[in-house]
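# Coordinate analysis (summary)
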Amino acid sequence: MKAKQAVSLSSLSGNTSIEARSYLALGLSLIKAYRLTEAVENLERALTYFTLNGDTKDIPICLLNLGHCYYMMEEFSKAKTIYQRSLQHTSFRKTNLALHAETLVFLGSTLVRLGDLPEALGVFQSALSELRFLYEPKLMINAYLGTGWCYYKLQKIDDAIKISNEAIKLSQANNQYRLTELRHNLGIYLSAKGNWEEAYSLWTACLHYYQDCGNTMLQASILEEMARYWIQRRDLTRARDICRSALECLGDNECYLQRGRLYRLLAVIEASGENAQSKHELLTLAIGYFRRVQAAGEIALTLKYADGEFPEREL
């Protein structure tokens, strides 16, 4: 790896600035290879040198990518802290508005994972305000995705549908992948309004796209929604089979948050079939996965399920 060779050579130079940039380059290469633990180690080294040298330009870049590592590792509390540190460096430097906006978007996504929805909505709205002055369509779409999801979770379904349709118009000219994610979420919002057939049609098209892309994580996510459709139609066998297919999609990947959601939905299915013991075991599994990623909102929701409080969308 060229980046690793650069680190070895830079350590001989005695120039900490060169060494810092070499560690940063190696960390970025390791992120692309999904060797996240090693990436964290090298980015931490780079950050130490950047801080010692007072390199205010590269510190937020290093912090942003360090936050990405923790986000991908599903260590969301750590990711939140790192993104907030990065914002402290970008908020007073208006030379890189795109970096500031990107950090806001990822902080918002992290807050969603942690269940801090009102705060997340505020962060996404701040990102959208800044992105209106930039040509960053990918970031803009991500901010729309996050904003729509927060509206949905805060029971503002009409707002979620409206902003999703706005984002779909933007995405059609820029990014098929993000367009599919937007339609994925729009299906969720439509189902919350009772438009299950339209939602299922959207999800079927999205599933085919995810399969073509080989994205097993999003396949599992959309299969979770498709299972809800069959719960609504009282076809519990088909709903159960789809949930199990979704778990198979995850394979050996950790994906604790998604696994927890699938086991929780399986508990709903078992409860509908009056299998109380299996329901309890599945909810216990779900809570265990949510605790690994400190997803307080998901844990609170799962505890309501344990008390028999199922959302209308899953009855």
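A few points on the structure. For clarity, every value in this text was computed on a predicted model and none was experimentally measured.

## Some words on the overall build of the protein
Scanning the protein for helices and strands turns up 16 helices and 0 strands. Here the protein, with 315 residues, has 52% of them falling under the buried criterion. The contacts in the protein between residues at least 6 apart in sequence include a share of 55% that link residues at least 24 apart. Accessible area for the protein stands at about 15100 Å²; split by element, carbon and sulfur atoms hold 50% of it.

## Some points on the nonpolar core
In this structure, Leu-131, Tyr-189 and Trp-203 are the most contacted members of the largest nonpolar core, which totals 108 residues. Considering every element that reaches this core, the biggest residue donor is helix 8 (residues 137–153), with 10 residues.

## Considering helix 3 (residues 36–53)
With 18 residues, helix 3 should cover 26 Å at 1.5 Å per step; its first-to-last C-alpha distance of 25 Å lies within 8% of that length. The inward-facing, buried residues of helix 3 contact helix 2 (16–32), helix 4 (59–72) and helix 5 (76–90). With its phi angle positive at about 65°, Gly-54 sits one or two positions after the end of helix 3.

## Details of unusual backbone geometry
Although it is not a glycine, Arg-234 sits at a positive phi angle of roughly 65°. Here Arg-234 is to be found in the loop between helix 12 (216–232) and helix 13 (236–250). Residue Cys-255 is not a glycine yet carries a positive backbone phi of 40°. Following the sequence through the fold, Cys-255 ends up in the loop between helix 13 and helix 14 (256–272). Residue Cys-255 is classed as buried on the basis of its relative accessible area, which comes to 14%.

## Thoughts on the packing of aromatic side chains
Inspection of every chain in the model, using the stated rule, returns 15 aromatic pairs. Seen in terms of ring centroids, Tyr-71 and Phe-76 are 5.4 Å apart; in terms of plane orientation they differ by 75°. Their pairing is edge-to-face. Of the two residues, Tyr-71 and Phe-76, neither departs from the other in class, the shared state being buried. Seen from their ring centres, Tyr-200 and Trp-230 are 5.9 Å apart, and the 85° between their planes marks the pair as edge-to-face. Here Trp-230 lies in helix 12 and Tyr-200 lies in helix 11 (residues 196–213), a separation of 30 residues in the sequence. Taking relative accessible area as the criterion, Tyr-200 reaches 16% and is therefore assigned buried. Taken together, the ring pairs connect Tyr-71, Phe-76, Tyr-83 and Phe-106 into an aromatic cluster. Its guanidinium or amino end placed over the ring of Tyr-305, Arg-264 lies 5.2 Å from that ring's centre, counting from NZ or CZ.

## Brief notes about helix 9 (residues 157–171)
If you check helix 9, its first and last C-alpha atoms are 21 Å apart, about what 15 residues at 1.5 Å a residue would give, namely 21 Å. Taken together, the buried positions of helix 9 are Ile-157, Ala-160, Ile-161, Ile-163, Ser-164, Ala-167, Ile-168 and Ser-171. Where helix 9 is buried, its residues contact helix 7 (117–131), helix 8 and helix 10 (176–192).

## Topic: the pattern of salt bridges
Oppositely charged side chains can pair when the atoms bearing their charge come close. Following the criterion strictly, the structure yields 15 salt bridges and no others. For Arg-178, the salt bridge identified is with Glu-181, shortest N-O distance 2.6 Å. Of this pair, Arg-178 and Glu-181 both sit in helix 10, 3 residues apart, roughly one helical turn. In this structure, Glu-224 engages Arg-228 in a salt bridge whose closest nitrogen and oxygen atoms are separated by 3.0 Å. Note that Glu-224 and Arg-228 are positioned in helix 12 at a spacing of 4 residues, about one turn of the helix. The same class applies to Glu-224 and to Arg-228, which are both buried. Within the structure, one salt-bridge network assembled from shared partners comprises Glu-224, Glu-225, Arg-228, Arg-261, Arg-264 and Glu-298.

Definitions and cut-offs
- Residues numbered from 1 in each chain as written.
- Predicted model: local features only at pLDDT ≥ 70, side-chain atom pairs only at ≥ 80, totals over all residues.
- Heavy atoms only, no water.
- Helix = DSSP H or I, 4+ residues; strand = E, 2+ residues; numbered from the N terminus.
- Buried < 20%, exposed > 50% of the residue type's maximum accessible area, 1.4 Å probe, protein only.
- Contact = heavy atoms within 4.5 Å.
- Areas by Shrake-Rupley, 256 points an atom, 1.4 Å probe, with all protein chains shown as cover.
- Core = buried A, V, L, I, M, F, W, Y, C linked by side-chain atoms within 4.5 Å.
- Expected span 1.5 Å × (residues − 1).
- Phe/Tyr/Trp six-rings, centres within 6.5 Å; stacked < 30°, edge-to-face > 60°.
- Lys NZ or Arg CZ within 6 Å of the ring centre and 35° of its normal.
- Salt bridge = Lys/Arg side-chain N within 4 Å of Asp/Glu carboxyl O.

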